[in-house]
Amino acid sequence: MQAYFAYHSKLHSFHLFSIEHLLTIAVIVVLSTLLFVYQNGLKKLRSEIRYMLAFLLIISDTLQHCWLVSEHVWSLKKDLPLQLSDIAAILAVVMLLTKSYRLFQFMYFAGLGSSIQAILTPDLGHFSFPHFQYIEFFVSHGGVVLACLFMVVAFNYKPTIPSMWASFFIVNLYGAVIFFLNKLLGANYLYIMKKPRNTSILDYLGPWPWYLLSMELVILLSFYLLYSPFWLKKKM
């Protein structure tokens, strides 16, 4: 049992698109689909469900930091909740508890987009299923995806083009702040200073610093893809 919680685990390393990774993605996709299939029933229980999702995200992130501290490996250089998907988990809790439409506008693009990217190409290193870190990672990021889609289904929230551009501006402003913080801490939050060691989309976007410019186009493209279902619905 200890092997599933040890930071220096002797379990096999995570492999991108392995069977367990694909099955985990499939579970998140199925749960997301069920939100739309049973949307009428969800609306009757939306208060209970949003509190449940918020509680799940709070517990997940709290346990993550408690685990790192207990393993004596928590570090300012890598464990502050400054990755975009980490910030998204915190903001998802606020969005769920307050039902903030304005926050949803940002979360739908930046939160949902960053969480999907993290789920598809997770930076998990030597943590594979069923290690605690693997499970916590996908519960947290999958929870953000479900939270954003839940607001669409249960409250009929819809993103807009102006909010998409506002989200793009905020992400870039946040990235500029994190750049200087990385310099101060000698850290690599948002992978601004160098690419992650694991396989990611950044591997196909050129060397540093050019991949940062390429990433701008990727972010815009992903935002437009996320908006496309609503654009198609308007056209139909």
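These numbers come from a predicted model, not from an experiment.

Rules of the game
Residues numbered from 1 in each chain as written. Predicted model: local features only at pLDDT ≥ 70, side-chain atom pairs only at ≥ 80, totals over all residues. Heavy atoms only, no water. Helix = DSSP H or I, 4+ residues; strand = E, 2+ residues; numbered from the N terminus. Rg over C-alpha atoms; globule rule 2.2 N^0.38 Å. Buried < 20%, exposed > 50% of the residue type's maximum accessible area, 1.4 Å probe, protein only. Contact = heavy atoms within 4.5 Å. Areas by Shrake-Rupley, 256 points an atom, 1.4 Å probe, with all protein chains shown as cover. Lys, Arg positive; Asp, Glu negative; His and termini not counted. Charge placed at Lys NZ, Arg CZ, Asp CG, Glu CD. Phe/Tyr/Trp six-rings, centres within 6.5 Å; stacked < 30°, edge-to-face > 60°. Polar contact = N/O pair within 3.5 Å; in protein donor to acceptor, adjacent residues only side chain to side chain. 1 Å grid on protein atoms, 1.4 Å probe; cavity = no way out; pocket = protein on both sides within 12 Å on 5 of 7 lines; lining within 4 Å. Points joined across faces, edges and corners; volume = space filled by probe spheres on them. Nonpolar A, V, L, I, M, F, W, Y, C, P; charged D, E, K, R; others polar. Axes fitted to C-alpha atoms, helices over the stretch in contact; angles between N-to-C directions. Parallel < 35°, antiparallel > 145°, perpendicular 65-115°, else oblique. Left-handed = near helix turned anticlockwise from the far one by under 90°. Expected span 1.5 Å × (residues − 1). Bend = angle between axes of the 7 residues up to and from the residue. Patch = residues over 30% accessible without salt bridge, like charges linked within 9 Å, V, L, I, M, F, W, Y side chains within 5 Å. Salt bridge = Lys/Arg side-chain N within 4 Å of Asp/Glu carboxyl O.

**Student:** Hey, could you go over the overall build of the protein for me, with residue numbers and the actual values?
**Tutor:** Check the secondary structure of the protein and you find eight helices and zero strands. Listed by position from the N terminus, the elements making up the protein come as α-α-α-α-α-α-α-α. Compactness check: the protein gives a C-alpha radius of gyration of 18 Å against a globular reference of 18 Å for 236 residues, within 12% of the reference. In terms of its C-alpha atoms, the protein occupies a principal-axis envelope of roughly 50 × 45 × 30 Å. Here the protein, with 236 residues, has 43% of them falling under the buried criterion. For the protein, contacts bridging at least 24 residues in sequence account for 73% of all contacts bridging at least 6. Of the accessible surface of the protein, which amounts to about 13,200 Å², a share of 72% is contributed by carbon and sulfur atoms. Side-chain charges of the protein comprise 17 positive and 10 negative groups, with the mean position of each set lying 12 Å from the other.

**Student:** So, the packing of aromatic side chains: which residues are in play, and what are the values?
**Tutor:** Counted according to the given criterion, the structure contains 20 aromatic pairs. Ring geometry for F129 and Y134: centres 5.7 Å apart, planes at 75 degrees, overall edge-to-face. Taken together through their ring pairs, the aromatic side chains of Y101, F104, Y108, F109, F150, F155, Y157, F223 and F230 make up a single cluster.

**Student:** Explain the side chain of S85 to me, using residue names and the numbers behind them.
**Tutor:** Of note, S85 is situated in helix α4 (residues 84–98). Judged by its relative accessible area of 12%, S85 is buried. There is a polar contact of 3.1 Å between the side chain of S85 and the side chain of H141. Leave out the neighbours within four places in its chain, and S85 touches S114, A118 and H141.

**Student:** Tell me about the layout of surface pockets, and name the residues and values.
**Tutor:** Reported here for the second largest pocket is a volume of approximately 300 Å³. Looking at the second largest pocket, it is lined by 14 residues, and the ones nearest its centre are F36, V152, P229, F230 and K233. Listing elements by their share of the lining of the second largest pocket, those giving two or more residues are α5 (101–120), α6 (132–155) and α8 (210–235). For the lining of the second largest pocket, a count of residues per class yields ten nonpolar, two polar and two charged.

**Student:** Please set out the environment of Y4 residue by residue, giving values where relevant.
**Tutor:** Assignment of secondary structure puts Y4 in the segment before α1 (19–37). The class for Y4 is partly exposed, based on a relative accessible area of 33%. Sequence spacing of Y4 and F132 is 128 residues, and the spatial spacing of their C-alpha atoms is 5.9 Å. Excluding residues that lie within four positions of it along the chain, Y4 makes contacts with L11, P130, H131 and F132.

**Student:** Provide a residue-level description of the environment of P207, including the pertinent values.
**Tutor:** Assignment of secondary structure puts P207 in the loop between α7 (161–185) and α8. Given the relative accessible area of 52%, P207 is considered exposed. A C-alpha to C-alpha distance of 28 Å links P207 and A166, two positions 41 residues apart in sequence.

**Student:** So what's going on with the packing of α4 against α5? Residues and values would help.
**Tutor:** Orientation of α4 relative to α5, taken along the N-to-C sense of each, is 140 degrees, at an axis distance of 9 Å. When the interaxial angle is binned, α4 and α5 end up oblique. Here the hand of the crossing between α4 and α5 comes out left-handed. Residues L84, S85, A88, L91, A92, V94 and M95 of α4 form the contact with α5, whose own contacting residues are L103, F104, F106, M107, A110, G111, S114, S115 and A118.

**Student:** Account for α8, naming residues and giving values.
**Tutor:** With 26 residues, α8 extends 37 Å from end C-alpha to end C-alpha; this agrees with the ideal 38 Å at 1.5 Å per step. When the local axis directions of α8 are compared, the greatest deviation, roughly 40 degrees, occurs at S228, which is followed within four positions by the proline P229. For α8, the complete set of buried residues consists of Y211, I219, L220, F223, L226, Y227 and F230. Lining the buried residues of α8 we find α5, α6 and α7.

**Student:** A description of a nonpolar patch on the surface should follow, citing residues and the corresponding values.
**Tutor:** On the surface, V27, V30, L31, L34, V37 and Y38 cluster together into a nonpolar patch covering about 550 Å² of accessible area. As for its position among the elements, V30 is in helix α1.

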